[in-house]
Amino acid sequence: MGSFSIPVELIRIVVGVVAIAAFVALNAIILVYLERKVAGHIQRRPGPFEVGPHGILQTVADALKLVGKQLIKPAGADAFLFWLAPVLGFLPIFLFFLPMPFGPVLTTLEVPLGLLLILAFAGLNVLAICIAGWGSNNKWSLLGAARGVAQSVAYEIPLLLALLAVVFMKGSMNLSKIIDSQGAWPWQWNIVLQPLAFLIYFICAIAETNRAPFDLPEAESELTAGFHTEYSGMGFGLFFLAEYANMVVVCAVATTVFLGGWKGPFFSGSWWFLAKVYLLLMLMFWPRWTYPRVRFDQLLNFNWKWLMPLALANLLVTAFIMKVG
Amino acid sequence: MDLGELDARKGFFKETLAGLWSLVVGLKVTGKYFFRPQITVHYPRRTVDNIPSFRGPIELISREEDPAKPKCGACSMCVSACPSGCFTVTKKRPPAPTPEEIAEQKEKEARGEKVKKKAAPKEPERFLYDYSLCSLCGTCVEACPSGALRFSASPYRAAFDRKELVFDLLADLAERAREDRNPPGTGKTTE
Ligand code: SF4
Ligand code: SF4
């Protein structure tokens, strides 16, 4: 090689980020379609049907519509914060996917503290909601933001504690290592050893991604659209993309930490990873079309009185067994 | 810990378990429905005719003896009862007297007798109904002394123009009679 060379690692990251961007966009389109179809079938109606065969192009049409729409800033809104919020909500997505082991070699960046990286930047989403609500100069937005902050801060704790239980057992925050320590068959996965942690994690994940029945920051029936009431076009589009990308992230983390990642019976590989992620996503759709939205006091009571003590107890028992056993 | 407190705690856990179980029941219901066949049909390509409980636009009820004749006596109660002024009803005029009748009348008048004019038949000449104004409140149905009005069960009465929503109920009744889909009484018409 000559005196001038690009480090391989950099190329890997650039390619990885481009692939992640494509993956996120494609996923959002597929997920929105799937969600509307699931909703339709649960309510015994066809769901989107008119654009393309069985409506598969409906979300593509919606995305094009969003891209083509005018961006409007309400009078009296704080321009800087208003436009910063959607970008801030969307950008961390790339960081979430960086350490994600999609397959045996399909990891953009091996990070020893991959889990910590994801959890640390998950907090930025709350900040985005917060400044979107504050910057919009709209009471619904502000109420939504206030709810969002209280909810995310509360539910992040049991979520962390649930993941920590597994980290205690495996002694590593490297996602690839956590997968390596699990076997291919379902009874070799961490969910068998930590069923309670998985349950707590999954409930918190639904709350963290602001999904029904914990969708209080958006709560369309009370707050119009909550924190993103005032956003049009791609301002809303970025929040929307981020929401669906966040869903994929929490499900991908659940898959790696609890469900053996890309390992599966016969033919281990990325397809197992994707299959498990999509299965979990389907499980996330289901409650949305089943349960009514919880009230704010119920939301916080449930967290502080049930999830927190359970997660703590689970963690203590895990620690005790690891020390003694 | 006294017994009351113990009972309260037991109640609390029982309630919690019952609550958790209700969540599972809810998921079971929606999960089951997910796999059931759809009920909603793809509208322009398929329509339904099985919703007799639907309260569609108002229509006239026919007489038992003649499916083309409305029960309506042209009393105009519905016109004044309707809060939105949907109806325009005109009564039939009395039939024009024949030349002999006119001669007879003149004779009677000359004799100083009282002349009795022919009464107008108790039937509507014209019965218009503006569906674009109707709120489907049912006041007209209740107000009609002859029981001549009812809600139809036809859900497909959409139009591109407001003017197309002014229905001629007599023509509508005649058409239904021709097509023999005109149940008398409270039975409703579906498309
Ligand atoms: S249903 Fe109500 S609004 Fe409609 S025509 Fe009858 S009285 Fe008028
Ligand atoms: S429909 Fe009933 S209320 Fe209306 S004019 Fe006829 S008889 Fe009278």
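Going by the structure above, here's the rest.
Thresholds, definitions, all that
Residues numbered from 1 in each chain as written. Chains lettered and ligands numbered in written order. Predicted model: local features only at pLDDT ≥ 70, side-chain atom pairs only at ≥ 80, totals over all residues. Heavy atoms only, no water. Helix = DSSP H or I, 4+ residues; strand = E, 2+ residues; numbered from the N terminus. Rg over C-alpha atoms; globule rule 2.2 N^0.38 Å. Buried < 20%, exposed > 50% of the residue type's maximum accessible area, 1.4 Å probe, protein only. Contact = heavy atoms within 4.5 Å. Areas by Shrake-Rupley, 256 points an atom, 1.4 Å probe, with all protein chains shown as cover. Lys, Arg positive; Asp, Glu negative; His and termini not counted. Charge placed at Lys NZ, Arg CZ, Asp CG, Glu CD. Pairing = 2+ DSSP bridges. Salt bridge = Lys/Arg side-chain N within 4 Å of Asp/Glu carboxyl O. Near = heavy atom within 4 Å. Nonpolar A, V, L, I, M, F, W, Y, C, P; charged D, E, K, R; others polar. Axes fitted to C-alpha atoms, helices over the stretch in contact; angles between N-to-C directions. Parallel < 35°, antiparallel > 145°, perpendicular 65-115°, else oblique. Left-handed = near helix turned anticlockwise from the far one by under 90°. Core = buried A, V, L, I, M, F, W, Y, C linked by side-chain atoms within 4.5 Å.

## Structural notes on the overall build of chain A
- Assigned secondary structure in chain A consists of 13 helices and zero strands.
- Reading the helices (α) and strands (β) of chain A from amino to carboxyl end gives α-α-α-α-α-α-α-α-α-α-α-α-α.
- Taking 2.2 N^0.38 as the reference for a compact globule, 325 residues should give roughly 20 Å; the C-alpha atoms of chain A span a radius of gyration of 20 Å, in line with that estimate.
- Overall, the C-alpha framework of chain A stretches about 60 × 60 × 45 Å when taken along its three principal axes.
- Of all 325 residues assigned to chain A, the portion counted as buried reaches 51%.
- Here the analysis covers contacts within chain A between residues at least 6 apart in sequence; of these, 77% occur between residues at least 24 apart.
- Working note: accessible area of chain A is about 15000 Å², and carbon and sulfur atoms make up 75% of it.
- Within chain A, the 16 negative side-chain charges are centred at a point lying 5 Å from the centre of the 20 positive side-chain charges.

## Side note on the pairing of strand β3 (residues 124-130) of chain B
All names here are of chain B.
- For β3, the buried fraction is high: five of the seven residues fall into the buried class.
- As paired elements, strand β2 (residues 87-91) and β3 share five bridges and run antiparallel to each other. Counterpart to Lys-91 in the pairing with β3 is Pro-124.
- One ladder, built from three bridges, connects β3 with strand β5 (residues 166-168); its direction is antiparallel. What sits directly across from Tyr-129, in β5, is Phe-167.

## As for the pattern of salt bridges
Residue and element names in this part refer to chain B.
- Scanning the entire structure with this criterion turns up 14 salt bridges over all chains.
- Notably, a salt bridge pairs Arg-157 with Asp-172, separated by 3.4 Å at the nearest N-O pair. In this pair, Arg-157 is assigned in the loop between β4 (149-151) and β5 and Asp-172 in helix α5 (residues 169-178), connecting sequence segments 15 residues apart.
- With relative accessibility at 15%, the residue Asp-172 sits in the buried group.
- Salt bridges sharing partners connect three or more residues here, namely Glu-59, Arg-150, Arg-157, Asp-172 and Arg-176.

## Some remarks on the site of ligand 1
- In the vicinity of ligand 1 lie 14 residues, with Cys82(B), Cys134(B), Cys137(B), Gly138(B) and Cys140(B) positioned nearest.
- Of the residues that constitute the shell around ligand 1, the class distribution is ten nonpolar, four polar and no charged.

## A look at the packing of helix α6 (residues 139-170) of chain A against helix α11 (residues 233-258) of chain A
Residues and elements named next belong to chain A.
- Look at α6 against α11: their axes get within 11 Å of each other, and the N-to-C directions meet at 30°. The orientation of α6 with respect to α11, classified from their angle, is roughly parallel. The two elements α6 and α11 meet at a crossing, and its hand is left-handed. Across the interface between the two elements, Ala-162, Leu-163 and Val-166 from α6 touch Val-253, Val-257 and Phe-258 from α11.
- Of the residues contributing to the contact of α6 with α11, the split by class is six nonpolar, no polar and no charged.

## What about the site of ligand 2?
- Taken together, Cys72(B), Gly73(B), Ala74(B), Cys75(B), Ser76(B), Met77(B), Cys78(B), Phe127(B), Cys144(B), Pro145(B), Ser146(B) and Leu149(B) form the complete shell of residues around ligand 2.
- For the shell around ligand 2, a count of residues per class yields nine nonpolar, three polar and no charged.

## A look at the nonpolar core
- Formed by 73 residues in total, the largest nonpolar core has its most connected members in Met100(A), Leu115(A), Tyr201(A), Val253(A) and Phe258(A).
- When residues in this core are grouped by element, the largest group, 15 residues, is from α11(A).
- Setting aside its immediate chain neighbours within four residues, Tyr201(A) contacts Leu159(A), Ala162(A), Leu163(A), Val250(A), Val253(A), Ala254(A) and Phe258(A).
- Counting residues in hydrophobic clusters, the runner-up holds 22 residues, among them Ile58(B), Cys72(B), Phe151(B) and Phe167(B).

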